[in-house]
Structures are given as C-alpha cells and as structure tokens.
Protein chains: 2
Amino acid sequence: MRIGLDMMGGDFAPTEAVKGVKAFLDTVAADVHLVLIGDEQQLLPLVAEAQLDQSKYSVVHSSQTVGMNEHPTKALKEKPQSSISIGFHLLKNEKIDAFISAGNTGAMMVGTYYSIKAIEGVQRPTISTLVPRENGTYGLLLDVGINADCKPENLVQFAILGSLYSQHILKIDNPKIGLLNIGEEEGKGNLLALATYPLLKENKQINFIGNIEGRDVLSEKADVIVCEGFTGNVILKMAESFHELALRRNIEDDYMKKFDFEAYGGTPVLGVSKPVIIGHGISKGLAFKNMILLAQQMIESKLLEKIKESFVSNEKQ
Amino acid sequence: MRIGLDMMGGDFAPTEAVKGVKAFLDTVAADVHLVLIGDEQQLLPLVAEAQLDQSKYSVVHSSQTVGMNEHPTKALKEKPQSSISIGFHLLKNEKIDAFISAGNTGAMMVGTYYSIKAIEGVQRPTISTLVPRENGTYGLLLDVGINADCKPENLVQFAILGSLYSQHILKIDNPKIGLLNIGEEEGKGNLLALATYPLLKENKQINFIGNIEGRDVLSEKADVIVCEGFTGNVILKMAESFHELALRRNIEDDYMKKFDFEAYGGTPVLGVSKPVIIGHGISKGLAFKNMILLAQQMIESKLLEKIKESFVSNEKQ
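If you check an unreviewed UniProt entry, chain A appears there as Phosphate acyltransferase from Chitinophaga nivalis. Listed in UniProt under the heading Pathway (unreviewed entry), the comment for chain A reads: "Lipid metabolism; phospholipid metabolism."

Turning next to the interface of chain A and chain B. Contacts between the two partners involve 38 residues from chain A and, on the opposite side, 38 residues from chain B. Here chain A meets chain B over a buried area of about 3500 Å², counting both sides, of which 66% is carbon and sulfur. For chain A, the biggest contributors to the area lost against chain B are A:Ile182, A:Phe230 and A:Met238; these three give 19% of the whole. Our count for the contact surface shared by chain A and chain B stands at eight salt bridges. For B:Arg248, the salt bridge identified is with A:Glu134, shortest N-O distance 2.3 Å. Inspection of the chain A/chain B interface yields 13 residue pairs in polar contact (both at pLDDT 80 or more). Among the elements that line the side of chain A that touches chain B, the one with the most residues is helix 8 (residues 229–248) of chain A, at 14 residues. Residue classes in the side of chain A that touches chain B are distributed as 18 nonpolar, nine polar and eleven charged.

The next subject is the relation of the copies chain A and chain B. In the superposition of chain A on chain B (RMSD 0.0 Å, axial shift 0.0 Å), the rotation amounts to 180 degrees. On the angle and the small slide along the axis, the relation comes out as a two-fold axis. The position closest to the rotation axis in chain A is occupied by the C-alpha of A:Thr231, lying 2.7 Å away. Of the residues that chain A buries at the interface, 100% are likewise interface residues in chain B, meaning the two copies contact each other through the same surface.

Our focus in this paragraph is the domain arrangement of chain A. Residues and elements named next belong to chain A. Segmentation of chain A into domains returns domain 1 (1–122 + 271–305) and domain 2 (124–260). Each of domain 1 and domain 2 was reduced to a C-alpha centroid, and the two centroids are 26 Å apart. Every contact between the two is made by 13 residues of domain 1 and, on the other side, ten residues of domain 2. For the domain 1 and domain 2 pair, buried surface summed over both sides reaches about 1000 Å², with 73% attributable to carbon and sulfur atoms. Our count for the domain 1 to domain 2 interface comes out at zero salt bridges. Summed over the shared surface of domain 1 and domain 2, the result is one residue pair in polar contact (both at pLDDT 80 or more). Elements with a contribution of two residues or more to the side of domain 1 that touches domain 2: helix 5 (105–116) and helix 10 (285–300). The biggest single contributor to the side of domain 1 that touches domain 2 is helix 10, with three residues. In terms of residue class, the side of domain 1 that touches domain 2 is made up of eight nonpolar, five polar and no charged.

For the structure shown, the criterion picks out 32 salt bridges over all chains. Salt-bridge contacts for A:Lys19 lead to A:Glu16; the nearest nitrogen and oxygen are separated by 3.1 Å. Of this pair, A:Lys19 and A:Glu16 both sit in helix 1 (residues 15–27), three residues apart, which is roughly one turn of the helix. In this structure, a network of salt bridges that share partners links the residues A:Glu134, A:Asp253, B:Arg248 and B:Arg249.

Attention now moves to the environment of A:Asn154. Residues and elements named next belong to chain A. With respect to the element layout, asparagine 154 can be found in helix 6 (residues 152–168). A residue is classified by how much of its surface remains accessible, and asparagine 154, at 3% relative accessible area, is buried. In the structure, asparagine 154 is positioned 74 residues away from proline 80 in sequence and 32 Å away in space, judged by C-alpha atoms. If near-sequence neighbours (up to four positions away) are discounted, asparagine 154 is found in contact with Gln123 and Arg124. Within the local environment of asparagine 154, its side chain forms a polar contact with the backbone nitrogen of lysine 151, the two atoms lying 2.7 Å apart.

Residues and elements named next belong to chain B. Strands sit in the order 3-2-1-4-11-10 across an open sheet of six strands; the sheet is mixed. The sheet is open, and its two edges are formed by strand 3 (57–61) and strand 10 (266–268), each paired on a single side. Taken over all neighbouring pairs, the strand axes of this sheet differ in orientation by 20 degrees on average, direction set aside. Pairing between strand 2 (residues 33–38) and strand 3: five bridges, direction parallel.

Here the focus is the sheet that holds strand 10 (residues 266–268) of chain A. Residues and elements named next belong to chain A. Here six strands make up an open sheet; going across it, the order is 3-2-1-4-11-10 and the pairing mixed. Strands at the two margins of the open sheet, each flanked by one partner only, are strand 3 (57–61) and strand 10. Direction aside, neighbouring strands of the sheet carry axes that sit 20 degrees apart on average. Against the sheet, helix 5 makes contact with strand 4 (98–101) and strand 11 (276–279), and its axis sits at roughly 170 degrees relative to strand 11, the strand it touches most. Running at roughly 150 degrees to strand 1 (residues 2–6), helix 10 makes contact with strand 1, strand 2 (33–38), strand 4, strand 10 and strand 11 of the sheet.

Further remarks concern helix 5 of chain A. Residue and element names in this part refer to chain A. Across its twelve residues, helix 5 extends 16 Å between first and last C-alpha, which sits within 8% of the 16 Å expected from 1.5 Å per residue. Listed in full, the buried residues belonging to helix 5 are Ala107, Met108, Met109, Val110, Gly111, Thr112, Ser115 and Ile116. Where helix 5 is buried, its residues meet helix 3 (72–78), helix 4 (83–92), strand 4 and strand 11. If you check the start of helix 5, you find a side-chain oxygen 3.0 Å away from the backbone N of glycine 106, and it comes from asparagine 104.

All names here are of chain A. The N-to-C vectors of helix 6 and helix 7 (residues 191–202) enclose an angle of 50 degrees; their axes lie 8 Å apart at closest approach. By the angle between their directions, the pair helix 6 and helix 7 is classed as oblique. Note on packing geometry: the crossing formed by helix 6 with helix 7 is right-handed. Here helix 6 contributes Pro152, Glu153, Leu155, Val156 and Ala159 to the contact with helix 7, which in turn contributes Leu192, Ala195, Thr196, Leu199 and Leu200. Here the residues of the contact of helix 6 with helix 7 sort into eight nonpolar, one polar and one charged.

Turning to unusual backbone geometry, a few remarks are in order. A cis amide bond links A:Ala13 with the next residue in sequence, A:Pro14, at an omega value of -5 degrees. Along the chain, the position of A:Pro14 falls in the loop between strand 1 and helix 1. Backbone torsion omega between B:Leu142 and B:Asp143 reads 0 degrees, so that peptide bond is classified as cis. Of note, B:Asp143 is situated in the loop between strand 6 (138–142) and helix 6 (152–168). Notably, B:Gln51 is not glycine yet its phi reads approximately 50 degrees, a positive angle. With respect to the helices and strands, B:Gln51 occurs in the loop between helix 2 (40–50) and strand 3. For B:Gln51, a relative accessible area of 71% translates into the label exposed. Phi at B:Asn174 takes a positive value of approximately 45 degrees, unusual for a residue other than glycine.

Cut-offs applied
- Residues numbered from 1 in each chain as written.
- Chains lettered and ligands numbered in written order.
- Predicted model: local features only at pLDDT ≥ 70, side-chain atom pairs only at ≥ 80, totals over all residues.
- Heavy atoms only, no water.
- UniProt positions renumbered as here; feature names shortened; annotations may be inferred.
- Contact = heavy atoms within 4.5 Å.
- Buried area = accessible area lost by both parts, 1.4 Å probe.
- Salt bridge = Lys/Arg side-chain N within 4 Å of Asp/Glu carboxyl O.
- Polar contact = N/O pair within 3.5 Å; in protein donor to acceptor, adjacent residues only side chain to side chain.
- Helix = DSSP H or I, 4+ residues; strand = E, 2+ residues; numbered from the N terminus.
- Nonpolar A, V, L, I, M, F, W, Y, C, P; charged D, E, K, R; others polar.
- Least-squares fit on C-alpha atoms with pLDDT ≥ 70 in both.
- Domains from an automatic or database assignment.
- Buried < 20%, exposed > 50% of the residue type's maximum accessible area, 1.4 Å probe, protein only.
- Pairing = 2+ DSSP bridges.
- Axes fitted to C-alpha atoms, helices over the stretch in contact; angles between N-to-C directions.
- Expected span 1.5 Å × (residues − 1).
- Parallel < 35°, antiparallel > 145°, perpendicular 65-115°, else oblique.
- Left-handed = near helix turned anticlockwise from the far one by under 90°.

Quick look at the structure:
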C-alpha cells in the first residue's frame, strides 16, 4: 500500500514530519510505501540526514504551501502545486491509497469534499476524537467540529460510522453507542437529542444504549458517543485544556497524560470514499507516526469497504 | 433579613442541612434569621442537639416531602404541605426574603415559575455555575441546563444577568463577557452562535470580548461565558467528573479540589423576582452553609433590584 504524507503541513513542518516518517519506518514492519509530498529543497537534506530505507519511500516535489491561516477554497484554487493539492490529486488518481496532512484543516476538508467525495448515502462526513479511558481502552466521540448544526439523521449516521470505526480500528466488539445528552432518561434533552433518541433506538445497525451525560464522557459506559459538532468541539478542547493544566501544575498521572490529544495523531474524515487523515497543526514526530499507522490500519481493515456496504444495505432497507 | 431553608431536600436531609445551619450561625456574624422548614419530629431533636442560638432561627413544620424523583408539577400539586410548597408560599407572601432547597430540582423550578415569576422583561430565567480559575477568582458559566434550546436573545439576556451577578456577587469590575463557541473569530460557530455574536457586540449593557473556545473555559479570558443549556450542562458535568477522577486517582492539587462543585452550594435562579437557590441533591453541610451565605449576599447586594432596573432600562431603549 502507498500512503501519502503532506510534509509541509503543520507548525513544525517538515522537520517533525520527517521524524514521524523515520519513527514509523524504524519501528513498524509493514508493506507500506510512503509518498512524501513537499518542497524538495527543504525536504531532501532532512531525509538524507534521517537515513531512511530508500526502498520504503519516494519524494514528490511541491513548490507551493498552503498557510495555516489561508482561506481554504481560495488557497486550493490558487495553489495547484501546493502539497495539499498534489496530495488530493494523487489520492484521486489512485497513486496513493491514503492521504495525511497536519496542514490547514479547512483546506483539507475542502480538498476532501471536492476530490474524493462522500460515500453514497452519507449525508455529512464527520471527524472524531479518541477518548482515553482509565481501563486503557479508547472510546470515540463524534462529531467534534465540522458539523456545528446537525439534524437527527446526521447523528444517526455518525453513530453508524463511529460504530464501524470502533469495531474495526479500535477493535471493540459490538460497540455501545451513547447519545450525548443532559439527562439519563429518554425524554430528556434539547430538541435535537429528543428527536435523535428514537431514531437511534430503532436502528438495527448499532447497539444503542441510551443517553450519556457529561460526567460519563470519559467512562466506559459507551464506546461511541454521538453529538453535534458544537458540543463535541467544546468538550474536546476543554479536555485538551485539562492536559495543559496537568502539565502546568506538575500533576504526574498516567491517565492525565493520555489527554495529550495531539499525540494521537489526527482524525480520519469518516464517511468519505478514501482514507484522509487530518492532523493537529502542532503535530510532532509521534503524531505523524501515529497518523501513518492509522492510515495503514484503515487500509488493512478495509474500513471504508465496510462503511460502503453498511450504507448501501441501509439504503435498501 | 429572613432566609428560608428546606430542611428536607437533598440526599442527606435533614442531618446535613442542620450542620450547614450550625456552621453558618457559628461563623457568620450577620443580621440573618433562618426559617427552617421541615418535619418537626425529625428536625427538632437534631436542632436541639446542635445547640443553635434560639434567637437566630425558627422552625416551620411541614408534614410532607417531595421525593427526588417525583414528577415536579404533580408533586407540588398533591403535596401542599411539603417543605418546598411551604417555602414558596412563605416567599410569595414575604414571610421570607429568600428560599433555598437541595431537593427535587424540577419541583424547585416549577415552584419558582408559578409562585414568584420572572422579572419583567426576562424571557427565560437561567441557572449558572461558578467556574474556578487558577488565580483564585471565579468565572460564571450560564445556562447550565434549564434552557436546552435557546434563541439568540436568550443568550443576550443570560449575558446581562451573568454580568450583574459577576459584578455584585463575585465582585468583578466590568466583567468580560464571552460567547462559548468553536472558533475565536467572528463568523465561526453554529447558527445560534453566529446569530448571537452581533447582538452581544452591539449591546451597551455588557463588556463583550468575543468568542471563547472550550480550551479557555477555565481561563481568565472571560468572566462570564454564555451558552445554551445543553452545552453548558455537558461541560459542567464533565468538569465535575474531573474532580471525581482526581479523587479516585489520588491527585493532590489545590486547584483540582476546586472542581468539587457541590461544595459551592447551589445555583441561584437568575431572572426571577426573588432569591431562589437550588442545591445539588448530594449537598452536605458546607454546601448548605454556602447557600445561606449566597442568599445573604444576594439580599445585601440588592442584586435583584439591579437586575430589575437593568431590564426596565433595557425595555425603554
């Protein structure tokens, strides 16, 4: 398999991207060929210095870079030679099987929508976050920001996408799906939650266990928690701030360390027809390595085929 | 001033309520007379044992109690002799100047709406939470649950109510008001936030500083953070779970200890014409003491008069 990596994206590019590539190649034995997309002048010396196995990667030159604060659509249009534009071009034309970037998130989303499109039946692709739990496993929370306003049907689709991701990537059997809400009982909530509950309850594709309150987001009560992207984004960023708090206050705790969401790498865009992974702007070597690993797992597990089947069978119901 | 206290509300009533009364009377020198509403048979022995200053309190007998899980409207209708019903009756008839209960929250809200009503001009009364900050001061977050679906104008009113509370009770000069959102810039957010931003910006009664992201909820960036009650409730409960986490994992940190939201006492219902304070069901002595203190501060600071003036002048604009 061939995994494409935007070497120019993120605050510490390309240095940390190269570190991630090296960490991946040094520690993961897999039949993976990495396609490193970036400015050769900056990239080649770093790659040479890193002494990577030359059979495991190739470099594709990009002469432009989309800045972190550029307007997404405008930037992609005006910079066809940017690493992000080239990455999507390669992905669309099947020169790579997955594309990863820690660059401009908006540009990544626009590129995803325009180049590779949503899976048939998926109304809104979504992004998620891993939720560390005290027993060492990971839950999943989605949407965490690209769908700030949702309809009940969107949340049901997030539940299906999250369920498949939890099963095939996080290896959780029959994942428990919870609806983020402000009370435990059916009949609690805002209009969206009230309308979503019965739809989740009647859906045969998922194992719906009911409402999940804020206090249970970090518990093992549900393996997948669905919400609109507004609340999801607020709690993700708040959880991140707890990690910074722990660092600032010298709180030494193994579990609190897991709130270092940047280390997880990035979030796949779920519901689109090819693997696209978007990293935090502040991604470091470990995050890049983890994103490559995730891309590999998404390809090996055939997650996207499973999502496609699921939405096709759903349409036929 | 006369402050009424429901001695039968909460999981540890009346024992912890009596402890709170004792702690208040023993430590706070104030011209406060407490009206203890509860079942005399249970209450009198505890009160005798506590050796309270007899000039500082009186007991009003209630023969019924509203259970924590009873249907609010039904319970209030069927139990006119309950401590909550009697409390609101006393408040309405000016026999007490404030009413406090850690009992059934729904019944407290229904009692509030029916007995004492909203201040003229206030569309939706609201509840808030204190937000502990590392510098020792407190921010305010509202709404935290009773208004799960809001219109932009509701959020503007929460901002005004929160601003006055922050100024007169938390003693913060010219409090900075933030809108909880998923991006820093104007033009980010869900439909509600997008529509609320310009209204806050143009409002002359508050010091609006812009959007506040999840990562800044605990910071000093804003003194008052407004949001609809869905997101507010989720983050409050999530923050509470961090406190439990710290306890469970033996994390010794002074700041993390402040996430013990129960200790703060309770939340006033802001926007109604008399002081009503609703406590957590699990309130202990300290929480009861703090609720009495808060009632005293609300009366002394003439907060409700200030809110009334503010909404009257707002109407005239």
